Amino acid sequence: WRSAFFFVVACLTQGLRTPVSSKDGNAMAMSTAAGSMSDLDQNGERPPASINGSEVLPKNDRIGKGESVAICAIAKEEEKYIVEWLDYYSGIGTDMIYLYDNSKNNTLAPLNKRPGVTVIHYPRHPVQFSAYSKCLANRQQHHTWMGIVDCDEFVVLYKHKTLKDMLREHLKSGALGLNWVIFGTSNEKEYRPKPVSLRFQLRMPGFDPRVKSFFRSGDVYEYNHPHYPTKLRKGTHQHDTSGYVFSGPFNGGCEGFRRVDRVIIQQHPGNFTPGKLEHFPHALEDAYNIGSEMELYLDQDKVDDQQLVAVDQTRPRHHHQHHHHKPPKKQSMACNSKNHTNVAVVHHFRYKSIEEYKRKRCYRHNADSNVDWCSVSREVVNGMFVGKWRNSDVWDTLKRVMPKYEVCEDPKEGDKCAEISKF
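Residue numbering note: each chain is counted from 1, following its sequence as written. Side-chain atom pairs in this predicted model are given and counted only at pLDDT of 80 or more, local residue features only at pLDDT of at least 70, and totals for whole chains, interfaces and linings cover all residues. Excluding hydrogens and water, the side-chain figures rest on all heavy atoms present in the structure.

**Q** Looking at this model, I keep getting lost on helix α5 (residues 163–170). Mind explaining?
**A** Think of an α-helix as 3.6 residues a turn; residues three or four steps apart then line up on the same face. Burial status follows relative accessibility: with a 1.4 Å probe on protein chains alone, a residue under 20% of its type maximum counts as buried, one over 50% as exposed, and anything between as partly exposed. Here a strand is any run of E in DSSP of at least two residues, a helix any run of H or I of at least four, and the numbering for each starts at the N terminus. All of the buried residues in α5 are Leu-163, Lys-164, Met-166, Leu-167 and His-170. In a view along the axis of α5, the buried residues occupy a sector of 160°, so they form one face of it. Arc definition: directions from the helix axis to the C-beta atoms.

**Q** I would appreciate a short explanation of the nonpolar core in the present structure.
**A** One broad rule of soluble globular proteins: the nonpolar side chains tend to lie buried together. Among the nonpolar cores identified, the biggest contains 57 residues, and Trp-85, Leu-99 and Phe-214 are the most heavily contacted of them. Per-element accounting of this core gives the leading share, six residues, to helix α3 (residues 82–91). The contact definition used throughout considers only heavy atoms, calling two residues in contact when any of these lie within 4.5 Å. Residues within four places of Trp-85 in sequence aside, it is in contact with Ile-71, Ala-73, Ile-97, Leu-99, Val-149, Asp-150, Cys-151, Asp-152, Glu-153 and Phe-154. Within this scheme, the nonpolar core is defined by two criteria: the residues are buried Ala, Val, Leu, Ile, Met, Phe, Trp, Tyr or Cys, and they are joined through side-chain atoms within 4.5 Å. Among the nonpolar cores identified, the runner-up in size contains 21 residues, and Cys-72, Tyr-98, Tyr-122 and Met-146 belong to it.

**Q** Any chance you could explain the environment of Asp-150 here in plain terms?
**A** Topologically, Asp-150 is positioned in the loop between β4 (145–148) and β5 (153–157). Through-space distance from the C-alpha of Asp-150 to that of Ala-73 is 5.5 Å; in sequence the pair is 77 residues apart. Setting aside residues up to four positions removed in sequence, Asp-150 forms contacts with Trp-85, Tyr-132 and Lys-212. Nitrogen and oxygen atoms within 3.5 Å of one another constitute a polar contact, given that in protein one can donate a hydrogen and the other can accept it, and given that sequence-neighbouring residues count only through two side-chain atoms. Within the structure, Asp-150 has its side chain in polar contact with the side chain of Lys-212 (distance 3.5 Å).

**Q** Where do I start with the pairing of β4 in this structure?
**A** Looking along a regular strand, one sees side chains alternate from face to face of the sheet. Neither face of β4 is left uncovered, since the one carrying Trp-145 and Gly-147 and the one carrying Met-146 and Ile-148 both have all their residues buried. DSSP bridges decide pairing: two strands pair if at least two such bridges lie between them. Looking at chain direction, strand β1 (residues 69–75) and β4 are connected through four bridges and run parallel. Residue pairing in the sheet places Cys-72 in a bridge with Ile-148 of β4. Pairing of β4 with strand β8 (residues 208–216), which is carried by three bridges, proceeds in the antiparallel orientation.

**Q** So what exactly am I meant to see when it comes to the state of the cysteines here?
**A** The disulfide criterion is simple: two cysteine sulfur atoms within 2.5 Å. Across all of its chains, the model carries two disulfides by this definition. Each sulfur of the disulfide joining Cys-72 and Cys-135 lies 2.0 Å from the other. What sets the handedness of the Cys-72 and Cys-135 disulfide is the S-S torsion sign, and at about -75° it is left-handed. Placement of Cys-72 in strand β1 and of Cys-135 in helix α4 (residues 128–139) is noted, with a sequence separation of 63 residues between them. When its relative accessible area of 0% is taken as the criterion, Cys-135 is described as buried. Note on cysteine connectivity: Cys-408 is disulfide-linked to Cys-417, with sulfurs 2.1 Å apart. Between Cys-408 and Cys-417, the S-S torsion sits near 100°, and that sign places the bridge as right-handed. A relative accessible area of 2% places Cys-408 in the buried class.

**Q** Teacher, can you tell me more about the environment of Asp-87 here?
**A** By the secondary structure assignment, Asp-87 is in helix α3. Here Asp-87 falls in the buried class, since its relative accessible area comes to 3%. Distance from Asp-87 to Val-401, taken between C-alpha atoms, is 8.4 Å for residues 314 residues apart in sequence. Among all residues touching Asp-87, those that are not within four sequence positions of it are Arg-114, Leu-398, Met-402, Lys-404 and Tyr-405.

**Q** Would you take a moment to explain the pairing of strand β6 (residues 175–182) for this structure?
**A** Among the eight residues in β6, eight count as buried, and that is most of the element. Pairing analysis gives two bridges linking β6 to strand β11 (residues 238–239), with the strands arranged parallel. From the neighbouring strand, Ala-175 faces β11, where its bridge partner is Gln-238. With three bridges connecting them, β6 and strand β18 (residues 344–348) associate as parallel partners. Directly across from Ile-182, in β18, lies its bridge partner His-348.

**Q** Is there a simple way to think about the packing of α3 against helix α10 (residues 393–401) in this case?
**A** When two helices pack together, their arrangement is given by the angle between the helix axes and the distance between those axes. For every element, the axis is a line fit to its C-alpha atoms; helices are fit only across the contacting stretch, and the angle between N-to-C directions ranges from 0 to 180 degrees. Between α3 and α10, whose axes approach to 9 Å, the crossing angle comes to 70°. Put simply, α3 runs roughly perpendicular to α10. Here α3 contributes Glu-84, Asp-87, Tyr-88 and Gly-91 to the contact with α10, which in turn contributes Val-394, Thr-397, Leu-398 and Val-401. Working rule for angles: under 35 degrees goes down as roughly parallel, over 145 as roughly antiparallel, 65 to 115 as roughly perpendicular, anything else as oblique.

**Q** Help me out: how do you make sense of unusual backbone geometry in this one?
**A** Comment: phi is negative for the bulk of residues other than glycine, and the bulk of peptide bonds are trans. Even without being glycine, Ser-186 reaches a positive phi, approximately 50°. For Ser-186, the location among the structural elements is in the loop between β6 and α6 (196–199). Residues other than glycine seldom take positive phi values, yet Lys-352 does so here, at roughly 60°. Along the chain, the position of Lys-352 falls in the loop between β18 and α8 (354–364). Overall, Lys-352 belongs to the buried group, its relative accessible area being 11%.

Keep in mind these numbers describe shape, not what the thing actually does.
Here you go:
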């Protein structure tokens, strides 16, 4: 009778834990958080949890029975350029784009009329990792491949006509990291109603070691970093187009790459302030809050370890940190001797014009921070990167797949060009 009693209790408990369908996002989030054994996959691991409940796939989702590739992106104040970005990815064969609109008023909602585009109003803050998790949880079962790409990033294909062709050859399992190529201001001082890929064609020399990732949809369980999946299915790996296996956000070559270190600073939530970047004169501008850690990228061989000590000593201490405090740790990036940038890269139009970059850093801020970087950003204070090497790969591809953009090269057709970007 004892066995029967515990069996009944277990069944009742399991029934209480089973998520129920609900239009209330909070109720769904609570039920999902409770979870159940049925949430686990065949390997006993839990896929990403839905944040605000399930979503119904709209009619314009171009999902067939065959292979498909989708992109998840967060958009905030991207109205001026979003049509060009969507046209580009549609032109290189992306089947679906899921846009998480971080505006207050769902300004991108009209884009739902476009085939292959779904706009999800997502005004919450912080937004980045919750949106990634939501997109994975609700979409990954519908696609063969997925990618996390920002609205100022364009995948350039050197050997394939479509994104799907490239992924079919180079992403049979796990995740594929594609290196950044960063573009500067190209001496543009303010906004002009012309395509990004036409206005900004001066890039940094060489390649940036940071990657953006695509992945087999069934192989990723967690995506808690802007650059790479943080948890892959057992037996799969993150690699590049040469087959080289690496982990983390860096994949740098031995020549032609900026060499960087990754510094992890253990922190109590809210302790980090951007002023501490002053201790790192060679730090890249990006800094990420990853749970209880702050992640910085530093130019290799230019960082004195004493700087880490200096930062450590300036951090606020809480009473529970005195005996369990972890000092900053530095991880050096390995040197990859294989050629892994001859198949595909990601052109990152990081700056746009001087005026636009100042707005981004000083007023708009990023998706997960209200910090005013303007007063401490060396790029804003001391001048931004203009670019040295001319490159028009994105623009050339855009004209090939969407010939309507050719009119933008004619100075007399400014009105027609501006009309293209409207939605």
